[in-house]
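Topology and contacts: notes
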Amino acid sequence: MAKTDFGPPDYREMIPPIIRENYGDWKYHTVPRPGVLMHVSQSGAVLHSVRVASPRLVSSDWINDICDIAEKYCAGYLRFTTRNNVEFLVADETRLQPLIDELDERNYLIGGVGLSISNVVHTQGWIHCKSAVTDASGITKSIMDEMTGYFTGKVKVPARLRIAVACCVNMCGACHCSDIAIVGIHRTVPQVNDEMVSRVCEIPTTIASCPTGAIRPNPKTKSVEINPDKCMMCGNCTSVCPAIKIMDPVNDGVSIWVGGKVSNARTAPMFSRLAIPYIPNEPPRWSSVTAAVKSLVEIWAANARDGERMGEWINRIGWERFFDMTGLPFTDKHLDDFTHATTTFRSTTQFKF
């Protein structure tokens, strides 16, 4: 294939020789120790993947360090997973333990494989996103500091568990289908600067940006107005019109959702559902958010059956008992009043306490 400047390079040029030679011919894989996958091919070839947690936002020095490690033990081959893990691909088994020893010496976290919490996937947060409600990186750091043992396998859990953080309801991350999801939420309707709208905003585009049809033109002021009954405080309008502001340091915060998964194993994929409607922003360590996540993990781990994901456990015991066991209050915020929500309502009178 001719090389061009368009798009990514052909993946086949970048995979290790052992994967290229055994492509589509792998027999099975096992987890010989936390954080390590052993892949065995039909030909008898063996590849070890050593998984290490990484922050989503990294420095060039850190990139240079992991590249040097990969060059030393893996012939330069490594990969990034979708949840911000780094996997060192070791084709020579004699180099496996020396690699693990050096990673331990450098205080890298090895884990996130099998029955464990994987690395927390998150969105941009305050550091990059202009419409962020909260700091995704800060929350992720706080949670991972508290839950390190669950990642490394020192604390056992009944099944794999995925945590995600999104800095607003537009959810650039995987929050809609994660076992536990932290989602930043605005709670006040955006404020419109009428004087600025006609000078810096395109009104048709601003109106079209609203997914609920809450924005309409205001000819008297040559601006727009927002219907508070329809507005869901998503912040889309602020992205296309700088004259509309939604940031509110007093009322902005996060919500916590549970029970989602992408996996098709045992049960169909599931969407996350609301558990905690609001926790205020508490930088720099977000102690209330971290405590809430840890509590949910501990209750699930103590009561779920082997192999039972968070959502599967909740469906077995019932949402009524879930709220009772976790001590979370059930409020009007948990009632889904979206226009098309009737398709997902549990419409029977049967309760599962």
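The following refers to the structure shown. Bear in mind that the values here come from a model prediction, so they are computed numbers and not experimental data.

What to know about the packing of aromatic side chains
- The tally for this structure, following the rule as stated, stands at eight aromatic pairs.
- Relative to Y23, the ring of Y11 has its centre 6.2 Å away and its plane inclined at 40°; by these criteria the two rings are tilted. Taken together, the residues span a long stretch of sequence, with Y11 in the segment before helix 1 (17–21) and Y23 in the loop between helix 1 and strand 1 (26–33) at a distance of 12 residues.
- With a relative accessible area of 45%, Y11 lands in the partly exposed category.
- Between F322 and F323, the ring centres sit 5.4 Å apart and the planes meet at 75°, which makes this aromatic pair edge-to-face.
- A relative accessible area of 9% means that F323 is categorised as buried.
- Through a chain of ring-to-ring contacts, three or more aromatic side chains come together here, namely W313, W319, F322, F323 and F330.
- Against the face of Y278 rests R187, its NZ or CZ located 3.5 Å from the ring centre.

Description of the sheet that holds strand 8 (residues 180–185)
- Strand order in the open sheet formed by five strands is 6-7-8-13-14, with mixed pairing between adjacent strands. In this open sheet, the two strands that pair with only one neighbour each are strand 6 (121–122) and strand 14 (273–280).
- Alignment of strand 6 against strand 7 (residues 163–166), held across two bridges, turns out to be parallel. Pairing of V121 across the sheet is with A164, part of strand 7.
- Sitting on the sheet, helix 4 (residues 136–146) touches strand 6, strand 7, strand 8 and strand 13 (253–258), and the angle it makes with strand 7 is about 155°.

Details of helix 3 (residues 96–105)
- Among all positions of helix 3, only L96, L99, I100, E102 and L103 are buried. Seen along its axis, helix 3 keeps its buried residues to an arc of 165°; they face one direction.
- Structurally, helix 3 contributes buried residues whose contacts are with strand 1, strand 2 (36–41), strand 3 (46–53), helix 2 (60–73) and strand 5 (85–90).
- Looking at the residues trailing helix 3, positive phi occurs at N107, about 65°.

Quick notes on the environment of H29
- Structurally, the position occupied by H29 is in strand 1.
- For the pair H29 and V46, spaced 17 residues apart in sequence, the C-alpha to C-alpha distance is 9.4 Å.
- Sequence-distant contacts of H29, defined by excluding residues within four places in its chain, comprise L37, M38 and H39.

Re the side chain of D135
- When you line up the elements, D135 lands in the loop between strand 6 and helix 4.
- No salt bridge forms around the buried D135; measuring N to O, its nearest opposite-charge neighbour R285 is 9.5 Å away.
- Here the side chain of D135 touches G138 through a polar contact of 3.0 Å, landing on its backbone nitrogen.
- With residues up to four places along the chain from it excluded, the contact list for D135 reads G125, W126, I127 and W286.

Cut-offs and rules
Residues numbered from 1 in each chain as written. Predicted model: local features only at pLDDT ≥ 70, side-chain atom pairs only at ≥ 80, totals over all residues. Heavy atoms only, no water. Phe/Tyr/Trp six-rings, centres within 6.5 Å; stacked < 30°, edge-to-face > 60°. Helix = DSSP H or I, 4+ residues; strand = E, 2+ residues; numbered from the N terminus. Buried < 20%, exposed > 50% of the residue type's maximum accessible area, 1.4 Å probe, protein only. Lys NZ or Arg CZ within 6 Å of the ring centre and 35° of its normal. Pairing = 2+ DSSP bridges. Contact = heavy atoms within 4.5 Å. Axes fitted to C-alpha atoms, helices over the stretch in contact; angles between N-to-C directions. Arc of directions from axis to C-beta. Lys, Arg positive; Asp, Glu negative; His and termini not counted. Salt bridge = Lys/Arg side-chain N within 4 Å of Asp/Glu carboxyl O. Polar contact = N/O pair within 3.5 Å; in protein donor to acceptor, adjacent residues only side chain to side chain.

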